[in-house]
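This is what each chain is made of:
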Amino acid sequence: MKELVEVIARALVDSPEEVAVTETENDKSIVIELRVAQADMGKVIGKQGRIAKAIRSVVKAAAAKSDKKVVVDIMQ
């Protein structure tokens, strides 16, 4: 999941070298934290959060087989 989020985020931003993704896994869930440059926050979130919602949907679909809840947090 981490690689998927990283590839999507790097394609969206102007500063792909500043994209950082961390993944924390426990019994029932996976938390993925996405950090981008301050100037790129708008590109990752999108108008009314549409791009962020799309990223979460893609990750949720990819994680459907694992029977774990996946949470994608976009951090500053």
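Coordinates for the structure precede this section.
Described in the following lines is the structure provided in the data block. Source: prediction; values computed, not measured. (Residues numbered from 1 in each chain as written. Predicted model: local features only at pLDDT ≥ 70, side-chain atom pairs only at ≥ 80, totals over all residues. Heavy atoms only, no water.)

Structural notes on the sheet that holds strand S3 (residues 69-75)
Ordered in space as S1-S2-S3, the three strands form an open sheet in which the pairing is mixed. At either end of the open sheet lies a strand with only one pairing partner, and these are strand S1 (20-25) and S3. When strand polarity is set aside, the average angle formed by the axes of neighbouring strands in this sheet is 15°. Along the sheet face, helix H3 (residues 50-62) touches strand S2 (29-35) and S3 and points at about 150° away from the line of S3. (Pairing = 2+ DSSP bridges. Helix = DSSP H or I, 4+ residues; strand = E, 2+ residues; numbered from the N terminus. Axes fitted to C-alpha atoms, helices over the stretch in contact; angles between N-to-C directions. Contact = heavy atoms within 4.5 Å.)

A few points about the nonpolar core
By size, the foremost hydrophobic cluster in this structure holds 18 residues, and its most contacted members are Val 19, Ile 32, Leu 34, Val 36, Val 44, Val 59 and Val 70. Elements with a contribution of two residues or more to this core: helix H1 (2-12), S2, helix H2 (41-45), H3 and S3. With residues near it in sequence (within four places) discarded, Val 59 still touches Met 1, Leu 4, Val 5, Ile 32, Val 70 and Val 72. (Core = buried A, V, L, I, M, F, W, Y, C linked by side-chain atoms within 4.5 Å. Buried < 20%, exposed > 50% of the residue type's maximum accessible area, 1.4 Å probe, protein only.)

Take it as geometry only, folks, not as evidence of what the structure does.
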